[in-house]
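A look at the structure
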Amino acid sequence: MSAEIIVVTSGKGGVGKTTTSASLATGLAMQGKKVAVIDFDVGLRNLDLIMGCERRVVYDFVNVIHGEASIKQALIKDKRYDNLAVLAASQTRDKDALTQEGVEKVLEDLSKDDFDYIVCDSPAGIEKGAHLAMYFADHAVVVVNPEVSSVRDSDRILGLLASKTRRAERGDGAVSQHLLLTRYNPARVEQGEMLSVKDVEDILGINVVGVIPESENVLAASNSGVPVIMDENSNAGQAYRDTVARILGETRPMRFLDAPKKGFFQRVFGG
Amino acid sequence: MGILDFLKRKPEPTAVVAKERLRIIVAQERSTRGAPDYLPLLRNELLEVIKKYVNVDLDAININVERDSGHEVLELSVALPDGKPAGNAAT
């Protein structure tokens, strides 16, 4: 049984790829899966901070590709789930540090090591790092914000997933695509100031696998290095849990799509 | 605030504008996706040639590449203006 490879990608930067990678990997681990999450953003390592393991990075992805460390030495075990491990990006400025053969070898080694899922956190853009993050994927989570440039870029990415991946080149069946809408603000949608879930689905022609509401808990979670999915009291955390369940094949209704109704006192006194 | 303000048309919500703009640009980009890189140049050079004979602008030329099983069809359509030849153009 080989590992399922999931790329988290978007094209545009700052839409929530790393937040999503951290929560998706942690969510899969919470379901008992053995999970590795890899930061492909060479030169701009950040997943370690979001996962809260930044002070335990000894070896990184490029060290493993160059044979300077084994995959076992470089994987950082999560402190909360021992079936979860992080492979940090290198801080080198050499853009060619990642090679297709090198990435393939690391993914194969992880697969042999009985990992169930490998989550690849893609860098922004459509350059080499982003290409390699998606190339070997079986599934893709395309993170999109309800905003014009993000929606347009995600359409480019959906096109690349359909043509520039190993599955596409070999004709092995398509990479399964999951659209994840993040930073969603139902109140602004109701005011006609923000694209709705349906608008984004109509434009891109695929359905969303989840909608993560804009939430102050996301910043709080990254401040403390705890993936927001672990915050079971936050809407964002619960929405990520639903999303992970759907990716694993469960059917769950979408939540948090409506603006909270104003209470009596708010209506009378404002606020 | 005037008393007749309710007669004015409300401005269109910006989300509606965003959706319409995206629908158009996404459709346009999908139609050229995977097409060879030389298409824009080819389009401009063809335009220059056509312009020698007929007054057309860039929007009048539409280039499409369609893939059928195994072969590609390069489709070129030029919308000619009504009876306004630039020189001694053929009709």
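Let us look at the structure shown here. Keep in mind the model is a prediction, meaning the values are calculated, not measured. (Residues numbered from 1 in each chain as written. Chains lettered and ligands numbered in written order. Predicted model: local features only at pLDDT ≥ 70, side-chain atom pairs only at ≥ 80, totals over all residues. Heavy atoms only, no water.)

Some details on the overall build of chain A
- Per the secondary structure count, chain A includes 13 helices and eight strands.
- Taking 2.2 N^0.38 as the reference for a compact globule, 271 residues should give roughly 18 Å; the C-alpha atoms of chain A span a radius of gyration of 19 Å, in line with that estimate.
- Scored against the burial criterion, the 271 residues of chain A give a buried share of 52%.
- Sequence-distant contacts, at least 24 apart, represent 72% of the contacts inside chain A between residues at least 6 apart. (Helix = DSSP H or I, 4+ residues; strand = E, 2+ residues; numbered from the N terminus. Rg over C-alpha atoms; globule rule 2.2 N^0.38 Å. Buried < 20%, exposed > 50% of the residue type's maximum accessible area, 1.4 Å probe, protein only. Contact = heavy atoms within 4.5 Å.)

Quick notes on helix 10 (residues 197-204) of chain A
- Taking burial as the measure, the eight residues of helix 10 of chain A include six buried ones, the bulk of the element.
- Residues A:Val197, A:Asp199, A:Val200, A:Glu201, A:Ile203 and A:Leu204 constitute the buried set of helix 10 of chain A.
- Residues of helix 10 of chain A that are buried in the fold lie against strand 6 (139-144), helix 7 (148-163), strand 7 (176-184) and strand 8 (208-213) of chain A together with helix 1 (14-31) of chain B.

Concerning a nonpolar patch on the surface
Residues and elements named next belong to chain B.
- A cluster of nonpolar residues, Leu76, Val78 and Leu80, forms a patch on the protein surface that exposes about 230 Å² of accessible area.
- Looking at the secondary structure, you find Val78 in strand 2 (residues 71-78).
- The class of Val78 is partly exposed, set by a relative accessible area of 31%. (Patch = residues over 30% accessible without salt bridge, like charges linked within 9 Å, V, L, I, M, F, W, Y side chains within 5 Å. Areas by Shrake-Rupley, 256 points an atom, 1.4 Å probe, with all protein chains shown as cover. Salt bridge = Lys/Arg side-chain N within 4 Å of Asp/Glu carboxyl O.)

Here we look at the interface of chain B and chain A
- Facing twelve residues of chain B, the contacting portion of chain A comprises 15 residues.
- For the pairing of chain B and chain A, the buried interface totals around 1,200 Å² over both sides, and the portion due to carbon and sulfur atoms is 58%.
- A per-residue breakdown of the area chain B buries against chain A is headed by B:Lys19, B:Leu22 and B:Arg33, which together make up 42% of the total.
- For the pair chain B and chain A, the number of links is four salt bridges.
- A salt bridge links A:Asp202 to B:Lys19; the nearest nitrogen and oxygen atoms lie 3.0 Å apart.
- Connecting chain B to chain A are seven residue pairs in polar contact (both at pLDDT 80 or more).
- Here the side of chain B that touches chain A is built from residues that sort into six nonpolar, one polar and five charged. (Buried area = accessible area lost by both parts, 1.4 Å probe. Polar contact = N/O pair within 3.5 Å; in protein donor to acceptor, adjacent residues only side chain to side chain. Nonpolar A, V, L, I, M, F, W, Y, C, P; charged D, E, K, R; others polar.)

By themselves these figures say nothing about function.
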